[in-house]
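As a plain string of letters, each chain reads:
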Amino acid sequence: MCGIVGYIGNKKACPILIAGLTRLEYRGYDSAGVSTIEKKGLSIKKAKGRVKNLNTLDGINELEGTIGIAHTRWATHGKPSDENAHPHQDNSKTFSVVHNGIIENYTELRNLLENNGYHFYSQTDTEVIPNLIHYYFTKDKEKDSIMKFLRAVRNACLDLKGSYAIEVISSYFPDNMIVVRKDSPLVIGTCENEKYISSDIPAILSYTRDFYLLNDLEFTILSRTSAKFFDTELNEIKKKTDVIEWNSSAAEKDGYEDFMLKEIYEQPTAVRETIGSRISNNLKCEFEELKFTKEQLKKINKIYIIACGTAMHAGLSGKNTIEKLCRIPTEVDIASEFRYRDPIIDKNTLCIFISQSGETADTIAALKLAKSEGATTIAISNVIGSSITREADYSIYTHAGPEIAVASTKAYTSQVVLINILAIYFAEILKSTKKEILDNLKQEILSLPKKIEETLKCKDQILEFAKKVYQEKDMFFLGRGIDETVAKEGSLKLKEISYIHSESYAAGELKHGPIALIENGVTVIGIMTDEKLVEKTISNIQEVITRGAKTLIITNQKINYNSFNEAIVIPETNPLVSPILSVIPLQLLSYFISKEKGLDVDKPRNLAKSVTVE
Ligand code: M6R
């Protein structure tokens, strides 16, 4: 949550900062602000509302400073308001700070500072940070120097409990910026005489491909020409840059109305990239990132797949394939539950963490827990160098390209593909499934990009259906087996961007309670892609039709479509990978409903792309 940007170079900082915030707005969008170092000292401009409001502020165009920090907020402590917007300053207005994360002990720190004469003007947890820096800076009797500034930031950070990515500038040091992160994302893009700082890579990808990926508590002093890194003892440490291969146009809308629509249409390419060379045309399956032996895999007696939201739904499909192909008991856990439920973990447990951003706070915490209990850990992420990939024993990337829309689409399909390939890789080592079955599944995976293109042709049919149902208050999504996992994802997508209440159920479970909610005109969406279960699901859908429901079905089975109001027919495939196709009409449905309602598809209310707080 919250996006932060920084610039240090020779150009005017403010337009660069606002452009960066606009790209990061999907992380939070209830207030925004910038602070630059001007000839007269630090300037601050901030306002409640979207980033574009900054352009209307008095004096914003007159800012000349070439160093600055900026923030777009997703409120945690204190309502969205001008006062609570970042940046925040200390009482003497010597230090400006932007912060992403949560300071858990801010009340205690605020009391300490108030007892030392400091005043607070916002309800945020962040405001303690610039004041603590000022407190330590003035207590330090050494001559002013950049190391004294660094010491003050370090001392302040060591007092903080919680998570933070922060940028600090000071009127005393007009050529520098200090940045540090702990459990919140922050990257530094570097060019010859410029440094760009951001919460994530896509926001600054148009300036550079060379990035420093910061680890927790690496204190960094930036100047136009250098980046110096220090540990908590303030010993200097050497860091190399990583070259990021993403194309900068991947972070632009490229003629599409919204990022979500673009990302839905990118799925054939994204899935192709995910498969990459992991399955070759001669059906060899390889994972160059993984080095598991049969002995190691044989010892694994339990697998947990841990994730949040859509990534967790991809995990449900992973469980299905891993259990079928590898015969290892697999459980899927919501990260925020897993970390507090005292799960049974030992050295024979394998934990797989799925996170598009790789920065989801609950997923990171669950990963740390699993490691501390001795489990082997694998991270599945879309973001190179993201936090979970740096924590886990092994990391494998989806390579789906940046996903900007808050609603996850291509990340989901590429996660499902990747976990299926992972299951095949394990099954081959374990010899737990016949070669013909695995080869057939590999062939199916290779044919998915084409089949996704085929599936996307249902767009007009879905648009027409969306026009009929967009004013509804409730919808139901039903499926059995693998289709139930897709029902869950369809329901989440609908809630998230169209604000229609929806429920997903295992189709057979409906009659145990929720069928009481079915009345004349209610929309029920049934997903049926598994030959073995289709007749059963049809019976359940008949039960709701009898009670007046309007039905849309998504199927690849040869059945009589006439009993349903609408049938979307998608290409046939192996049920293990059918979510990759059957989810697409549901993504499009929630998209078109949201558009019909005139909502902001890419930035739905109350949500943020990357949930970096607990
Ligand atoms: O970055 P992550 O994959 O860890 O994010 C997990 C969820 O927050 C995310 O999938 C969320 O549910 C999406 N907004 C759903 O569209």
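Bear in mind the structure is a predicted one, so any value in this text is a computation, not a measurement. (Residues numbered from 1 in each chain as written. Predicted model: local features only at pLDDT ≥ 70, side-chain atom pairs only at ≥ 80, totals over all residues. Heavy atoms only, no water.)

Trainee: Talk me through helix H6 (residues 267-275); I want residue IDs and the actual numbers.
Mentor: For H6, the set of buried residues is Gln267, Pro268, Ala270, Val271, Thr274 and Ile275. On an axial view of H6, the arc spanned by its buried residues comes to 165 degrees, and they lie on one face. Of the residues flanking the end of H6, it is Gly276, one or two places downstream, whose phi is positive at about 45 degrees. (Buried < 20%, exposed > 50% of the residue type's maximum accessible area, 1.4 Å probe, protein only. Helix = DSSP H or I, 4+ residues; strand = E, 2+ residues; numbered from the N terminus. Arc of directions from axis to C-beta.)

Trainee: Could you give an account of the nonpolar core, naming the residues involved and the relevant values?
Mentor: Val34, Phe292, Ile352 and Ile445 are the most contacted members of the largest nonpolar core, which totals 117 residues. Here the element with the most residues in this core is helix H12 (residues 410-430); it accounts for 14 residues. Every residue in contact with Phe292, bar those within four places of it in the chain, is listed here: Leu297, Leu350, Thr376, Ile378, Tyr394, Tyr425, Phe426 and Ile429. Formed by 32 residues, the second largest nonpolar core is a distinct cluster that contains Val97, Tyr135, Tyr136 and Cys157. (Core = buried A, V, L, I, M, F, W, Y, C linked by side-chain atoms within 4.5 Å. Contact = heavy atoms within 4.5 Å.)

Trainee: Kindly report on the sheet that holds strand E12 (residues 219-222), identifying the contributing residues and their values.
Mentor: Spatial strand order, E5-E6-E7-E8-E12-E13-E14: 7 strands in an open sheet with antiparallel pairing. Both edges of this open sheet fall to strand E5 (88-89) and strand E14 (236-237), since each of them pairs with a single strand only. Both E12 and strand E13 (residues 227-230) contribute to a ladder of 4 bridges, which runs antiparallel. Its bridge partner being in E13, Thr220 is matched across the sheet by Phe229. Packing of helix H3 (residues 128-139) onto the sheet brings it into contact with E5, strand E6 (95-103) and strand E7 (162-170), and relative to E6 it is tilted by some 125 degrees. (Pairing = 2+ DSSP bridges. Axes fitted to C-alpha atoms, helices over the stretch in contact; angles between N-to-C directions.)

Trainee: So what about the pattern of salt bridges? Which residues, and what values?
Mentor: Taken as a whole and assessed by the stated rule, the structure comprises 38 salt bridges. Across the salt bridge formed by Arg50 and Asp600, the nearest N and O atoms sit 2.9 Å from each other. Placement of the pair is Arg50 in the loop between strand E3 (41-48) and strand E4 (67-73) and Asp600 in the segment after helix H17 (579-596), with a sequence separation of 550 residues. The partner of Glu323 in a salt bridge is Lys319, with the nearest N and O atoms 3.4 Å apart. Separated by 4 residues within a single helix, Glu323 and Lys319 lie in helix H8 (residues 309-326), roughly one turn from each other. The class for Lys319 is partly exposed, based on a relative accessible area of 29%. Look at the salt bridges and you will find they share partners, linking Lys302, Glu331, Asp333 and Arg341 into a network. (Salt bridge = Lys/Arg side-chain N within 4 Å of Asp/Glu carboxyl O.)

Trainee: Give me the lowdown on the sheet that holds strand E19 (residues 376-381), citing residues and values where you can.
Mentor: Spatially, the 5 strands line up as an open sheet ordered E17-E16-E18-E19-E20, and their pairing is parallel. Strands at the two margins of the open sheet, each flanked by one partner only, are strand E17 (330-334) and strand E20 (394-397). Adjacent strand axes in the sheet meet at a mean angle of 20 degrees, parallel and antiparallel pairs treated alike. Pairing of strand E18 (residues 349-355) with E19, which is carried by 6 bridges, proceeds in the parallel orientation. When the sheet's bridge partners are listed, Leu350 is paired in E19 with Thr376. Contacts from helix H10 (residues 361-372) reach strand E16 (302-307), E18 and E19 within the one sheet, and its direction differs from that of E18 by about 165 degrees. Relative to E18, H12 is tilted by about 160 degrees, and along the sheet it contacts E16, E18, E19 and E20.

Trainee: I'd like a description of the packing of H3 against helix H4 (residues 146-159), backed by residues and values.
Mentor: Between H3 and H4, the least distance of the axes is 8 Å, while the angle of their chain directions is 125 degrees. As summarised for this structure, H3 and H4 are arranged oblique, according to the angle between their axes. Classified by chirality, the crossing of H4 by H3 is right-handed. Within the contact between the two elements, H3 uses Leu132, Ile133, Tyr136 and Phe137 and H4 uses Lys148, Phe149, Ala152, Val153, Asn155, Ala156 and Asp159. Of the residues belonging to the contact of H3 with H4, the class tally is 8 nonpolar, 1 polar and 2 charged. (Parallel < 35°, antiparallel > 145°, perpendicular 65-115°, else oblique. Left-handed = near helix turned anticlockwise from the far one by under 90°. Nonpolar A, V, L, I, M, F, W, Y, C, P; charged D, E, K, R; others polar.)

Trainee: Quick one: what's the story with the site of the ligand, residue by residue and with numbers?
Mentor: Close contacts around the ligand come from 15 residues, with Ser355, Gln356, Ser357, Thr360 and Glu496 the closest. Here Ser355 contributes a side-chain N or O atom positioned 2.6 Å from an oxygen atom of the ligand. Ser357 places a polar side-chain atom, nitrogen or oxygen, 2.6 Å from an oxygen atom of the ligand. Contact with the protein chains covers 90% of the free accessible surface of the ligand, which is 410 Å². Looking at side-chain class alone, the shell around the ligand contains 6 nonpolar, 7 polar and 2 charged residues. (Near = heavy atom within 4 Å. Polar contact = N/O pair within 3.5 Å; in protein donor to acceptor, adjacent residues only side chain to side chain. Areas by Shrake-Rupley, 256 points an atom, 1.4 Å probe, with all protein chains shown as cover.)

Trainee: Before we move on, can you summarise the packing of aromatic side chains with the specific residues and values?
Mentor: Inspection of the entire model under this criterion finds 17 aromatic pairs. The interplanar angle of 5 degrees and the centroid separation of 4.1 Å between the aromatic rings of Tyr196 and Tyr207 together place this pair among those described as stacked. With Tyr196 in strand E10 (residues 194-198) and Tyr207 in the loop between E10 and strand E11 (210-213), this pair connects stretches of sequence that are 11 residues apart. A relative accessible area of 2% means that Tyr196 is categorised as buried. With a centroid separation of 5.3 Å and 70 degrees between ring planes, the pair formed by Phe287 and Tyr425 is classed as edge-to-face. Separated by 138 residues along the polypeptide, Phe287 in the loop between H6 and helix H7 (294-299) and Tyr425 in helix H12 bring together distant segments of the chain. The two residues Phe287 and Tyr425 agree in class, both being buried. Lying over the aromatic face of Phe229, Lys239 brings its terminal NZ or CZ to 6.0 Å of the ring centre. Taking the ring centre of Tyr499 as reference, the NZ or CZ of Arg605 above it sits at 3.9 Å. (Phe/Tyr/Trp six-rings, centres within 6.5 Å; stacked < 30°, edge-to-face > 60°. Lys NZ or Arg CZ within 6 Å of the ring centre and 35° of its normal.)

Trainee: With reference to specific residues and values, describe unusual backbone geometry.
Mentor: When glycine is set aside, most residues are seen to have a negative phi, and most peptide bonds are trans. Going from His86 to Pro87, the amide bond is cis rather than trans, its omega being 0 degrees. Of note, Pro87 is situated in the loop between E4 and E5. In this structure, Arg327 is a non-glycine residue whose phi angle is positive, near 55 degrees. The phi dihedral of Lys431 falls on the positive side, at around 55 degrees, and the residue is not glycine. Within the fold, Lys431 resides in the loop between H12 and helix H13 (435-455).

Trainee: Could you give an account of the packing of helix H14 (residues 459-469) against H17, with specific residues and numbers?
Mentor: Helix-helix packing: each pair is described by the crossing angle between the helix axes and the interaxial distance. Packing of H14 against H17 leaves a shortest axis separation of 8 Å and a crossing angle of 45 degrees. Here H14 is positioned oblique relative to H17, judged by the angle of their axes. The handedness of the crossing between H14 and H17 comes out as right-handed. Facing Lys459, Ile462, Leu463, Phe465, Ala466, Lys467 and Val469 of H14, the residues of H17 in contact are Pro585, Leu588, Leu589, Phe592, Ile593 and Glu596.

Trainee: Tell me about the side chain of Asp140, and please be specific about residues and values.
Mentor: Turning to its location among the elements, Asp140 is positioned in the loop between H3 and H4. Non-local contacts of Asp140, meaning those with residues more than four positions away in its chain, are made with Lys148 and Arg151.

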